[in-house]
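Take a look at the letters that make up each chain.
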Amino acid sequence: MDLPEITSSKVLVVDDDEINRLLIRESLQKSGLLVEEVESGEEAIDHFRQNPTDIILLDVIMNGMDGFETCTLLRKLPSGLH
């Protein structure tokens, strides 16, 4: 079954597990999405400040800053309100 192609949407994948990031990236790219990835909450915030994305897929359980704290801080950014 072919999936409908989605174009020009940019997704940021945040996960401290490299294999998870690889699997997610491969799946999303097959659907035509532009995928960027980082491995920590701190990196996600820095990346999003410089490169706002349409969608963020965020792991909840990560070393250091967890996904809940990362989400809270991302939502406080002007480009993170939506």
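Below, the structure is looked at part by part.

Cut-offs applied
- Residues numbered from 1 in each chain as written.
- Predicted model: local features only at pLDDT ≥ 70, side-chain atom pairs only at ≥ 80, totals over all residues.
- Heavy atoms only, no water.
- Salt bridge = Lys/Arg side-chain N within 4 Å of Asp/Glu carboxyl O.
- Helix = DSSP H or I, 4+ residues; strand = E, 2+ residues; numbered from the N terminus.
- Buried < 20%, exposed > 50% of the residue type's maximum accessible area, 1.4 Å probe, protein only.
- Pairing = 2+ DSSP bridges.
- Axes fitted to C-alpha atoms, helices over the stretch in contact; angles between N-to-C directions.
- Contact = heavy atoms within 4.5 Å.

Time to look at the pattern of salt bridges. A complete count under the given rule lists four salt bridges for this structure. In this structure, the salt-bridge partner of Glu37 is Arg21, at a minimum N-O distance of 3.1 Å. In this pair, Glu37 sits in strand S2 (residues 34-38) while Arg21 sits in helix H1 (residues 18-30), placing the two residues 16 residues apart along the sequence. Glu37 gets classed as partly exposed once you look at its relative accessible area, which sits at 27%. Among the residues examined, Arg21 registers a relative accessible area of 8% and is labelled buried. Across the pair Glu37 and Arg25 runs a salt bridge whose closest N-O atoms are separated by 2.6 Å. Of the two residues, Glu37 is situated in strand S2 and Arg25 in helix H1; the sequence distance between them amounts to twelve residues. You can call Arg25 partly exposed: its relative accessible area is 22%. Within the structure, one salt-bridge network assembled from shared partners comprises Arg21, Arg25, Glu37 and Glu39.

It is worth spelling out the sheet that holds strand S3 (residues 55-58) at this point. Spatially, S2-S1-S3 is the arrangement adopted by the three strands of the open sheet, whose pairing is parallel. Of all the strands in the sheet, just S2 and S3 have a single pairing partner and so form its edges. Each strand axis lies, on average, 20° off the axis of its neighbour in the sheet, ignoring direction. For strand S1 (residues 10-14) and S2, the ladder comprises five bridges, and the chain directions are parallel. In the strand pairing of S2, Val11 is matched with Val35. On the sheet, H1 packs against S1, S2 and S3 and is oriented at approximately 170° with respect to S2.

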